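Take a look at the letters that make up each chain.
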Amino acid sequence: QVQLVESGGGLVQPGGSLRLSCTASGGISSIYPMAWYRQAPGKQRELVATITGVGISNYYIDSVKGRFTISRDNAKGTVNLQMNRVKPEDTAVYYCNAQHAPFFAWGQGTQVTVSS
């Protein structure tokens, strides 16, 4: 069974950068499109970015386009999210998972707080 572990979150000032990583114990098949999601306090979890199995085609929600970059290393079983020029509205718990059902069991996520 795949277990997802997210890491790399923390407190960052507006305009700063963070790099989130997601490691899948048991590995992730390279055919699996993956995604990063986030959930802000009092809000529903939302899709942030997706990446195809071989990392050729990516999708980003409008609010992060040009600032975030999703990538993956299938050999290492990792999916990453480079966050640049972060804004207070990026504050949320970030999760990785499959792009669509069937989903893996959700990990605990990693908290990102953007504040001065």
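See above for the structure.
So, how was this worked out
- Residues numbered from 1 in each chain as written.
- Predicted model: local features only at pLDDT ≥ 70, side-chain atom pairs only at ≥ 80, totals over all residues.
- Heavy atoms only, no water.
- Pairing = 2+ DSSP bridges.
- Helix = DSSP H or I, 4+ residues; strand = E, 2+ residues; numbered from the N terminus.
- Axes fitted to C-alpha atoms, helices over the stretch in contact; angles between N-to-C directions.
- Phe/Tyr/Trp six-rings, centres within 6.5 Å; stacked < 30°, edge-to-face > 60°.
- Buried < 20%, exposed > 50% of the residue type's maximum accessible area, 1.4 Å probe, protein only.
- Lys NZ or Arg CZ within 6 Å of the ring centre and 35° of its normal.
- Polar contact = N/O pair within 3.5 Å; in protein donor to acceptor, adjacent residues only side chain to side chain.
- Contact = heavy atoms within 4.5 Å.

1. Things to note about the sheet that holds strand E8 (residues 78–83)
Within a sheet, adjacent strands bond to each other through the backbone by hydrogen bonds, running parallel or antiparallel.
Then step 1. Sheet architecture is open: four strands sit in the order E1-E3-E8-E7, paired in antiparallel fashion. Strands with a single pairing partner mark the edges of an open sheet, and in this sheet they are strand E1 (3–7) and strand E7 (68–73). Adjacent strand axes in the sheet meet at a mean angle of 15° when their direction is disregarded.
Then step 2. Note that E1 and strand E3 (residues 18–25) share five bridges and pair antiparallel. By the bridge assignment for E3, Leu4 is matched with Ala24.

2. Remarks on the packing of aromatic side chains
Then step 1. Scanning the entire structure with this criterion turns up five aromatic pairs.
Then step 2. Taking the centre distance of 6.4 Å and the plane angle of 75° together, the rings of Tyr37 and Phe103 count as edge-to-face. Here Tyr37, found in strand E4 (residues 34–39), pairs with Phe103, found in the loop between strand E9 (92–98) and strand E10 (110–114); they are 66 residues apart in sequence, far enough to count as distant.
Then step 3. Assessed through its relative accessible area of 7%, Tyr37 is described here as buried.
Then step 4. Their ring planes at 90° and their centres at 5.9 Å tell us that Tyr95 and Trp106 sit as a pair that is edge-to-face. Pair noted here: Tyr95 is in strand E9 and Trp106 is in the loop between E9 and E10, with a separation of eleven residues, a long-range link.
Then step 5. Residue classification places Trp106 among the partly exposed residues on the basis of a relative accessible area of 33%.
Then step 6. Here the aromatic cluster, defined as three or more aromatic residues joined through ring pairs, consists of Tyr37, Tyr95, Phe103 and Trp106.
Then step 7. Against the face of Tyr95 rests Arg45, its NZ or CZ located 4.9 Å from the ring centre.

3. Structural notes on the side chain of Thr91
Then step 1. Its place among the elements puts Thr91 in the loop between E8 and E9.
Then step 2. A distance of 2.9 Å separates the side chain of Thr91 from the backbone oxygen of Pro88, its partner in a polar contact.
Then step 3. At a separation of 2.9 Å, a polar atom in the side chain of Thr91 contacts the main-chain amide nitrogen of Val114.
Then step 4. Excluding residues that lie within four positions of it along the chain, Thr91 makes contacts with Ala40, Pro41, Gln111, Val112, Thr113 and Val114.

4. Thoughts on the sheet that holds E4
Then step 1. If you trace the six strands from one edge of the open sheet to the other, you get E2-E10-E9-E4-E5-E6, paired in mixed fashion. With partners counted over all chains shown, the strands left at the sheet margins are strand E2 (10–12) and strand E6 (58–60), one partner each. Put simply, the sheet's adjacent strands are angled 25° from each other on average, direction ignored.
Then step 2. Relative to E10, E2 runs parallel, the two being bridged by three bridges. The residue bridging Gly10 from the neighbouring strand is Val112, located in E10.

5. Overview of the side chain of Thr78
Then step 1. Inspection of the secondary structure assignment puts Thr78 in strand E8.
Then step 2. Looking at Thr78, the relative accessible area reads 15%, which means it is buried.
Then step 3. For Thr78, the residues in contact, after removing those within four places along its chain, are Cys22, Thr23, Ser71, Arg72 and Asp73.

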